[in-house]
Amino acid sequence: MKTIKVGDQQLDLFAHDVSTSTPPAVRPTAPPAPPVAPPLHVPAWPVAPVLPVAPPSSPHLPSPPRPADGPPLRQLQLGSHLVEFALRRSTRRSIGFMIDDNGLRVTAPKRVTLAEIDNAIRAKQGWIVSKLLERGERKVQRQQRPPVAWIDGAVLPYLGGEITLRLHQAPRHRASFQRETNELHVWVTPTGSEQQLKEKVKGWFQHEARQLFEARLDLYADKLGVRYDSLSLSSAGTRWGSCTIERKIRLNWRLIHFALPLIDYVVAHELSHLLEMNHSPRFWATVESIYPDYDGAKQALRKRSQELPVLFN
């Protein structure tokens, strides 16, 4: 069992050419050489066989998780890359592509054949392979970052800055944030586990996220003149938000790690889908009307997400 250190105490807590030549001139016969002693017999040591060198493997492309009870993943060869993707049928009128750290997901109308879907993917293979390679590299980089050590004094990302974790012993678990000192105080029981500590900290982050998200949604909804019906928190790997035709907004609670302008960009993005359920020029014009520097925020969000430490599995 992992332990959590509180001060000086320990708590158990992705071609050969063949050519002809003229024979050499005949030389005079040399006189016989003097007799030479036979060579010493040296036993031959075994020689390891020469193994063929495997060609370098292509960069890893992320693949969606294989569903236990759903349809199997489909495969398509795109150049030197074998791409696996998840296919979902819907009532939409066109074929849609979505790429994240879990690979490629394709949504297609029920009337479209599998051959037509494959041809649509081939038509966009340059973009698809490029994005999958980018996501795969980003995922590897994130997995190589060392996780946060859950000890007293650990530094955690919060609203674009950092807060310090302070641990205390107590009969029950609780958490309190001191904004004056930017310290998150968490009380844990002497026999509490590291997982319990993580859940307590995660719960605090999620509570902070919901309160802040609601306030920013109300602010930008008024600016855009729209109304959303509900907010829920998601724990998606890299998808920061979504909006449904039922006017339901989902925001990733991990946005609480980022600075407020990046949170506002995601809020403005999802609210704009209430007017344009697409990513057309009209959609981006809608986003720009309430968040002018959306392109800068989009790039900053991508960069910052690669820099976050690993907090929770």
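Note that the structure is a prediction, hence the values are computed from the model and not measured.

Participant: Can you walk me through the overall build of the protein in this structure?
Facilitator: A tally of regular secondary structure across the protein gives six helices and 13 strands. Relative to its 313 residues, the protein shows a buried fraction of 38%.

Participant: What should I look at first to understand the environment of T191 in this one?
Facilitator: Following the sequence through the fold, T191 ends up in the loop between β10 (183–188) and α3 (194–224). The sequence separation of T191 and Q169 amounts to 22 residues, and the corresponding C-alpha distance is 9.6 Å.

Participant: Is there a simple way to explain the pairing of β10 in this structure?
Facilitator: Side-chain positions along a regular strand alternate between the two faces of the sheet. Burial analysis of β10 places six of its six residues in the buried class, which makes it a mostly covered element. Burial of the side chains of β10 extends over both faces: E183, H185 and W187 are buried on one face and L184, V186 and V188 on the other. In this structure, strand β8 (residues 161–169) lies alongside β10, joined through six bridges in parallel fashion. When the sheet's bridge partners are listed, T164 is paired in β10 with E183. Of the strand pairs in this sheet, strand β9 (residues 174–178) and β10 are connected by five bridges, and their pairing is antiparallel. Note on β10: the bridge partner recorded for Q178 is E183. Hairpin connection from β9 to β10: four residues lie between these consecutive antiparallel strands, with N182 at a positive phi of about 55°.

Participant: Is there a simple way to think about the sheet that holds strand β12 (residues 241–243) in this case?
Facilitator: Strand pairing in a sheet takes place through backbone hydrogen bonds and is either antiparallel or parallel in direction. Pairing in this open sheet of three strands is mixed, and the strands run β11-β13-β12 from one edge to the other. This sheet does not close on itself; its edge strands, each paired only once, are β11 (230–234) and β12. Strand-to-strand twist across the sheet, computed as the mean angle between neighbouring axes with direction ignored, equals 15°. Here five bridges tie β11 to strand β13 (residues 248–252), and the two strands are oriented parallel to one another.

Participant: Please explain the nonpolar core as it appears in this structure.
Facilitator: Side chains of a nonpolar character, in soluble globular proteins, are inclined to be buried together. Of all hydrophobic cores here, the largest spans 52 residues; its most connected members are L156, V201, F205 and L271. Counting only elements with at least two residues in this core, the list comes to β7 (155–158), β8, β10, α3, β13, α4 (260–272), α5 (281–290) and α6 (294–307). Excluding residues that lie within four positions of it along the chain, F205 makes contacts with L156, P157, Y158, I163, W253, I256, H257, L311 and F312. Counting residues in each nonpolar core, the second largest holds 15 residues, with L104, A108, I117 and I128 among its members.

Participant: What is the right way to read the pairing of strand β3 (residues 74–78) from this model?
Facilitator: As defined by bridge partners, β3 adjoins strand β4 (residues 81–90) across five bridges and the pair is classed as antiparallel. The residue of β4 that forms the bridge with R74 is F85.

Participant: How do you make sense of unusual backbone geometry when you look at a structure like this?
Facilitator: The bulk of non-glycine residues show a negative phi, and the bulk of peptide bonds are trans. Located in the positive-phi region is L159, a residue other than glycine, with phi close to 50°. Taking relative accessible area as the criterion, L159 reaches 33% and is therefore assigned partly exposed.

Participant: Mind showing me how you'd approach the sheet that holds β3 here?
Facilitator: In spatial order, the strands read β3-β4-β6-β5; together these four strands make up an open sheet with mixed pairing. Each edge of the sheet is formed by a strand with only one pairing partner; in this case those strands are β3 and β5 (96–100). Direction aside, the axes of adjacent strands within the sheet are offset by 35° on average. Both β5 and strand β6 (residues 103–109) contribute to a ladder of five bridges, which runs antiparallel. Counterpart to D100 in the pairing with β6 is G103. Across the sheet, helix α1 (residues 114–123) touches β3, β4, β5 and β6, and the angle it forms with β3 is around 40°.

Participant: Is there a simple way to explain α1 in this structure?
Facilitator: For an α-helix, 3.6 residues make a turn, and residues three or four places apart therefore share a direction. Of all the positions in α1, only I117, D118 and I121 are classed as buried. Each buried residue of α1 sits inside an arc of 100° when the element is viewed along its axis, so together they form one side. Set apart from the buried face of α1 by more than 90 degrees, the exposed residues are A115 and A123.

Participant: Please explain the pattern of salt bridges as it appears in this structure.
Facilitator: Under the criterion given, the structure shown has 12 salt bridges. K202 serves as the salt-bridge partner of E199, at 3.9 Å between the closest nitrogen and oxygen. Linking E199 with K202, this pair stays in helix α3, spanning three residues, or about one helical turn. Residue E199 is classed as partly exposed on the basis of its relative accessible area of 39%. For K202, a relative accessible area of 18% puts it in the buried group. Overlapping salt bridges, with partners in common, bring together K131, E134 and R302 in one network.

Participant: Explain the environment of D222 here, please?
Facilitator: Mapped onto the elements of the fold, D222 is located in helix α3. The exposure class assigned to D222 is exposed, which follows from its relative accessible area of 64%. A sequence separation of 68 residues divides D222 from I290, and the C-alpha atoms of the two residues are 10.0 Å apart.

Thresholds applied
- Residues numbered from 1 in each chain as written.
- Predicted model: local features only at pLDDT ≥ 70, side-chain atom pairs only at ≥ 80, totals over all residues.
- Heavy atoms only, no water.
- Helix = DSSP H or I, 4+ residues; strand = E, 2+ residues; numbered from the N terminus.
- Buried < 20%, exposed > 50% of the residue type's maximum accessible area, 1.4 Å probe, protein only.
- Pairing = 2+ DSSP bridges.
- Axes fitted to C-alpha atoms, helices over the stretch in contact; angles between N-to-C directions.
- Core = buried A, V, L, I, M, F, W, Y, C linked by side-chain atoms within 4.5 Å.
- Contact = heavy atoms within 4.5 Å.
- Arc of directions from axis to C-beta.
- Salt bridge = Lys/Arg side-chain N within 4 Å of Asp/Glu carboxyl O.

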